[in-house]
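Spelled out from the first residue to the last, the chains are:
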Amino acid sequence: MASNTGQSDFVVSLKSALGQGTFVKVSLSHYVGSEKDLKKIDVRKIVVKREDKLSFTYHYKTRDIVKNYDIPVAVGMIQKAVLSDFKAGTLFTTQYDLVLDKNTVKEKPASHSEVPSADHDRNKNRLVPSDGSHYLRDLKITDPNGRVFDKAQDKFRQINKYIEIIDGLTKNASPDTFKNIVDMGAGKGYLTFALYDYLKNIRNIDVQVMGVEYRPDLVMLCNQIAKNSSFEGLSFAQGAIDNFNADGVNMLIALHACDTATDDAIAKGIKAGSEFIIVAPCCHKQIRREMEKHEAGGTLGLLTRHGIFMERQAEMVTDTLRGMILEYHGYDVKIFEFISAEHTAKNVMIVAQKKKGGKTGQAKIAADIDAFKQQFGVTTHYLETIT
C-alpha cells in the first residue's frame, strides 16, 4: 500500500488499531524538530488507575523521559509529530506493520501476534511475574497469556507489595526460621499462593505453608488450585483462628482478620514463639467501644466528638497498643502502610520479629502501655487478656 498522504493514512490506521484492540506500539524516528538531542519516541498503551492511556518514551542522547497522556490527546500529538517533526515511523499492530517514510506508507507482515500487557508496571522487576503462573490464572488475576485483567490490577499490585515485604523481612534470616508458615483467614488464597510460590520456587526454600480458612468452599477451591499448580508444600484447612493449634509455627500471618480476630492471631504467634508475626488489621470495634465510654477532655474531646475521627483514632490506638504488647513479649515491631489507600482502605500492616536478645525492658513497656491506655480511656486491650 502506498500513498502521497502517508501521514494521514498512518494516523487513520493508528485510530483504527486502538479502536479494534490490535494496537501494539508506535515508534517514531528521523527527528527533524528543534528540541535538542531528541532522537526518537516510542509509544505503548498502558492502564493507569483503570484508565487506558498512551505512554510516550522520549529517547534523548543521554537520557529517556516517560510521559503518559489520555488517548485522544496522545493521538493528536502523534499526528502533529508525523506531520512536522518526524520523517519516519512504524505502527505495529497484530494484523500488520505500517511503515511511514516521509510522505508514503507501506504495509508489511505483522511483527507481533499478540497485544502486550497494558499493565503500567509491566517493566518493573516484579517478584511475582504475571506470566507462567497457573494459580494466577485459576484465581482470575491473569488471562491464559499472562495479561493481568483490568479489574485485577489492584490485587496484583497488592500481591507484589506483600511479597516485597516478605522478601525484605526474610532475606537476611536463616530459612530455618520461617520454614513452617500459617496464614490465618487465608480467604481465596491470593497472597498465600504467592508467598509459597516465591519462597519455594524463587528462593528455593523447602517451606511448608498452610492457609486456614473458615469457609469450606474456599478451602476446597484453594486445595484444588494448589494441586493443579503442583504446590506440594501448600495446603488449606478449614477452621477458625481461635481454634487453630499454632505450635511449631515460626511465621504466623493474619491479613484482614476482623476486630479481635487479629488479636487472637497475634496471641497464637506469641504463645508459639513464632519468629515472625505479620498482621494487617481490619476493623477496631473493641477499643472504640471503650473510648466512647470515656469522655475525653480538652482538644482531644473536640477531635473525637466527630464519628469519623473517633473511628480513625480508635484504629491508631488499637494498633499502637498491639505494637507495644508485641514489644513487651520480646518483638521488634514496625507499623506501616501496606499498600496505598488509593487501592485499598485496609492498608496498615504490623510486622513483628523476635528480638535476638529476648524480652528486655518489660517494666518500662508495661508502664508506657498503662499510661497510653489511661490517656485514651482504655481499660483493657483484648490482646492483653489472652497473652
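Report follows, based on the coordinates. If you're wondering where the values come from, they're calculated on a predicted model, not measured in any experiment. (Residues numbered from 1 in each chain as written. Predicted model: local features only at pLDDT ≥ 70, side-chain atom pairs only at ≥ 80, totals over all residues. Heavy atoms only, no water.)

1. Let's talk about the overall build of the protein chain
Working step 1: The secondary structure content of the protein chain amounts to twelve helices and 14 strands.
Working step 2: Computed over C-alpha atoms, the radius of gyration of the protein chain comes to 27 Å, more than 25% over the 21 Å expected from 2.2 N^0.38 for 387 residues, which places it beyond the range of a compact globule.
Working step 3: Once the C-alpha set of the protein chain is aligned to its principal axes, its extents read approximately 85 × 55 × 40 Å.
Working step 4: For the protein chain, buried positions account for 48% of its 387 residues.
Working step 5: A separation threshold of at least 6 residues defines the contact pool for the protein chain, and within that pool the share at least 24 residues apart is 65%.
Working step 6: Total accessible area on the protein chain is roughly 19,400 Å²; 48% of this is exposed by carbon and sulfur atoms.
Working step 7: Within the protein chain, the 48 negative side-chain charges are centred at a point lying 4 Å from the centre of the 52 positive side-chain charges. (Helix = DSSP H or I, 4+ residues; strand = E, 2+ residues; numbered from the N terminus. Rg over C-alpha atoms; globule rule 2.2 N^0.38 Å. Buried < 20%, exposed > 50% of the residue type's maximum accessible area, 1.4 Å probe, protein only. Contact = heavy atoms within 4.5 Å. Areas by Shrake-Rupley, 256 points an atom, 1.4 Å probe, with all protein chains shown as cover. Lys, Arg positive; Asp, Glu negative; His and termini not counted. Charge placed at Lys NZ, Arg CZ, Asp CG, Glu CD.)

2. A word on the packing of aromatic side chains
Working step 1: The final tally for this structure, using the stated rule, is ten aromatic pairs.
Working step 2: Ring geometry for Phe193 against Phe236: centres 5.3 Å apart, planes inclined by 35°, an arrangement best described as tilted. Of this pair, Phe193 sits in helix α5 (residues 190-202) while Phe236 sits in strand β10 (residues 234-238), placing them 43 residues apart in sequence. Phe236 carries the same exposure label as Phe193, and that label is buried.
Working step 3: Judged by centre distance (5.0 Å) and plane angle (50°), the rings of Phe372 and Phe376 are tilted. One end of the pair is Phe372 and the other is Phe376, both in helix α11 (residues 362-376) and four residues apart, which spans about a single turn.
Working step 4: Take Phe376: its relative accessible area is 11%, and that puts it in the buried class.
Working step 5: Connected via pairs of aromatic rings, a cluster forms that spans Tyr135, Phe193, Tyr196, Phe231 and Phe236. (Phe/Tyr/Trp six-rings, centres within 6.5 Å; stacked < 30°, edge-to-face > 60°.)

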